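So the chains spell out like this:
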Amino acid sequence: VNENRVRNCVSVDDREVVTSTAGRENVDTRVHCKGLKGNMALNFDQDNPNVVLLAQDSIGNIQYGTAPESPSARKVAGHGLSENSVGFYKVSFKPIEHKFSFKLSDFGFKKLPPKTILDDLSGIMRIGLNAIMGPADSRMSSLLDVLADHAQKKGQSGQVFINGENQPINYCFESAYVMKEDVLTESLTVRENIAFSASLRLSCSKEQRREKVNQVIRELELTDVADRKVSVPFTKKISEEERRRTNIGLELVIDSGILFLEEPTGELADPNALSLVNTLKNLSSSRVVVASFRRAQFSIYKQFDTLTLLSRGGLLYHGQAGDTALKYFIDIGHQCEPHDNPVDHFLKVINEVESKETEMGDAELGYQENKLVPIYKESTQHQDIDRELTLMLDKAGNTKAKTPEFAVNFVRQLSVLSYYLMKGYVNNPMSLLLETIVYTILGIVIGLLYFQVDDNYAGFQNRVGVLFFIAFLIMFGSLSGVSFVKRGRPIFLHHVARGYYRVSTFHLTKLFCDLPPPKFIFSFLFGSITYWLIGLKPAYDKFIAYLLMVMCMSWVGGILALNNSAGQKSYPVALGFSVGFTVLSMVVGGFLINNESIGTFFKILQFTSPFRFMLHAFFVAELEHTVYCDMTVQNRTINETTMEVLACDPNRLIDGDAYLDSIGYRGSDLWVDFFSVFMTALFPGILIYLTLLFFRCFVRRK
């Protein structure tokens, strides 16, 4: 290695490595050298910690040098592994839930053996860009889940090492793991999304968090779109590549030395995928980057430092990428054609071997090992890694550190969640404006349709009909809360798996900060318009009671819709549950079916029907102590001056109290109806919390 070129080498903390001619040994951490392909290996001498060895495996030449001591390049426990590293030794994964699976065969049901997800994997990933690849059903994501501590613990075996030590307990709260699902809040800007993550996952000062957010934005080349909203109607959106970069920023902000990514390029076009991989390559100069890829053009493959190939959970190759990987496949009898993409060649070989093995037996009956797996296990590369991991295992012992679950306290979580929820509403004014216009027009149309109803027979029918129709609109208008299935639920599961906040924090914020503002604003506007245009009782106490009931029912309806969607993955299923419950609540409400005609079982359901209590409050406030006369009958006494009805034929009267008694709506204080409405939301509110708590435990698999 040319001495002048080695002078351009920098250690992981950007300190210059000065060359010398002293002879040293071993390999410890990695440095990047300008003008040289790939990374260089670096190790401190046991006698002089400032003397290091520089070597490039693909060339075979070595050069010695000195470097100032730094925490990021110190020797770890004498096993030759850099401080920032991921090691996995004999890792296997056989989930328990597959233990009692059955398959329909020609002679009935046949018990299947436990399905093997990962089988006896061992490897070391150091500072640099470490790629994991394989064909369909290669279980790349499962390996990432195990390394980042996001996989089910039951059924796991083997050992995972983080920075040379045993993987900490609850490492999932500390690991920076970017999954392929988009978990951005679309109404926030790029900067606000990253700042939200920093506010909940960093316990430092506000100034330090702001500086960290700005640093992440610069590293991910998002400066030009930092203040652009992710996806808000009538505004310019960020591109798909910028969304991927922002998702990476959510995890990069915690400043972990190890970054896991699940298919970061996804469905990006080749130029955008290459641009993103170049950014990951820059990030890998000072941290371990472990990423899975379904495909990779040659320009992307050249960026890989190491390559891990999987097939059905088995390890086919783990080592240096580039010419080293190609040489390995040539040595085992698989020559790559000239000008062929190495990645395409590797996947083609794996698929061909898998196809031949599938033809020889049923692939569903247990784990079928690819014949390339034992070939790799017999290689010197695998044996060298096994020896190094064995030393690491002996040194690490059985001790495990424990990662705290949350970085900030309950009050801080509550304030941050509430702030960014309100920020989302402020950032989306057009949505609020459109909903305001819709509710205003709807209120005006209903008010004009029933404009100033009379106090006669027809007016009585119109009053009863419009009150029922308003209650119907409020209940069905609240079903918009079912949309939680589409965006809210995946984001919630992502956040609790990373330790952003407690389930109770999210639950309280959702019920009291997210649902009320839009529900109260629109229902207040709608109720104020309809009450006076329809001409209901001109008494302010009745108007206030009507308005409060409309607002409360909008909120309670949102809670019921959220309850029906919290445990569902499918939007149509959640919507079906919500519609079914709403219709049942209307049917047993006592208006469509007389209370005396309802069976005992359905009478019990009346106590769970918020529709009944809302309609009861409407009817009692409007009809109680009121008499309606048939103004078309000639047999009546009127005041000739004022034309006021002084008397009416008793046979042509409608007594509001009598009507309420006939449908089972006995008069009562309005506060009883308000209390009953809140009580119908109490159990669903508790059920929402229990559902979210269950899924929190389920997604962590602890």
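You'll find the structure just up there.
Residues numbered from 1 in each chain as written. Predicted model: local features only at pLDDT ≥ 70, side-chain atom pairs only at ≥ 80, totals over all residues. Heavy atoms only, no water.

1. Describing the pairing of strand S11 (residues 128-133)
Move 1: Judged by how many residues are buried, S11 sits mostly within the fold: 6 of 6 residues are covered.
Move 2: Both S11 and strand S16 (residues 288-293) contribute to a ladder of 6 bridges, which runs parallel. For Ala131, the partnering residue across the bridge sits in S16 and is Ala291. (Buried < 20%, exposed > 50% of the residue type's maximum accessible area, 1.4 Å probe, protein only. Helix = DSSP H or I, 4+ residues; strand = E, 2+ residues; numbered from the N terminus. Pairing = 2+ DSSP bridges.)

2. Re the environment of Asn428
Move 1: Position of Asn428 among the secondary structure elements: in the loop between helix H12 (410-426) and helix H13 (429-449).
Move 2: Every residue in contact with Asn428, bar those within four places of it in the chain, is listed here: Val232 and Pro233. (Contact = heavy atoms within 4.5 Å.)

3. Concerning the packing of helix H18 (residues 540-566) against helix H19 (residues 571-587)
The description of two helices packed together rests on the angle between their axes and the distance between the axes.
Move 1: Where H18 contacts H19, the two axes come as close as 8 Å, and the packing angle between them is 140°. Judged by the angle between their axes, H18 and H19 are oblique. The handedness of the crossing between H18 and H19 comes out as right-handed. Here Leu560, Ala561, Asn564 and Ser565 of H18 lie close against H19, whose contacting residues are Ala574, Phe577, Ser578 and Phe581.
Move 2: Counted by class, the contact of H18 with H19 contains 5 nonpolar, 3 polar and no charged residues. (Axes fitted to C-alpha atoms, helices over the stretch in contact; angles between N-to-C directions. Parallel < 35°, antiparallel > 145°, perpendicular 65-115°, else oblique. Left-handed = near helix turned anticlockwise from the far one by under 90°. Nonpolar A, V, L, I, M, F, W, Y, C, P; charged D, E, K, R; others polar.)

4. Focus on the pattern of salt bridges
Move 1: Applying the stated criterion across every chain yields a total of 21 salt bridges.
Move 2: The salt bridge partner of Arg126 is Glu388, with a shortest N-O separation of 2.7 Å. Taken as a pair, Arg126 in the loop between strand S10 (118-125) and S11 and Glu388 in helix H11 (residues 380-396) lie far apart in primary sequence, 262 residues in all.
Move 3: Taking the relative accessible area as the measure of exposure, Arg126 reaches 18% and is therefore buried.
Move 4: Taking the shortest distance from any N to any O, the salt bridge between Lys281 and Asp305 comes out at 2.9 Å. In this pair, Lys281 sits in helix H6 (residues 270-283) while Asp305 sits in the loop between helix H7 (298-301) and strand S17 (306-311), placing the two residues 24 residues apart along the sequence.
Move 5: Given the relative accessible area of 10%, Asp305 is considered buried.
Move 6: Taken together, the shared-partner salt bridges connect Asp182, Glu186 and Arg243 into one network. (Salt bridge = Lys/Arg side-chain N within 4 Å of Asp/Glu carboxyl O.)

Scope: geometric values only; no functional claims are made or implied.
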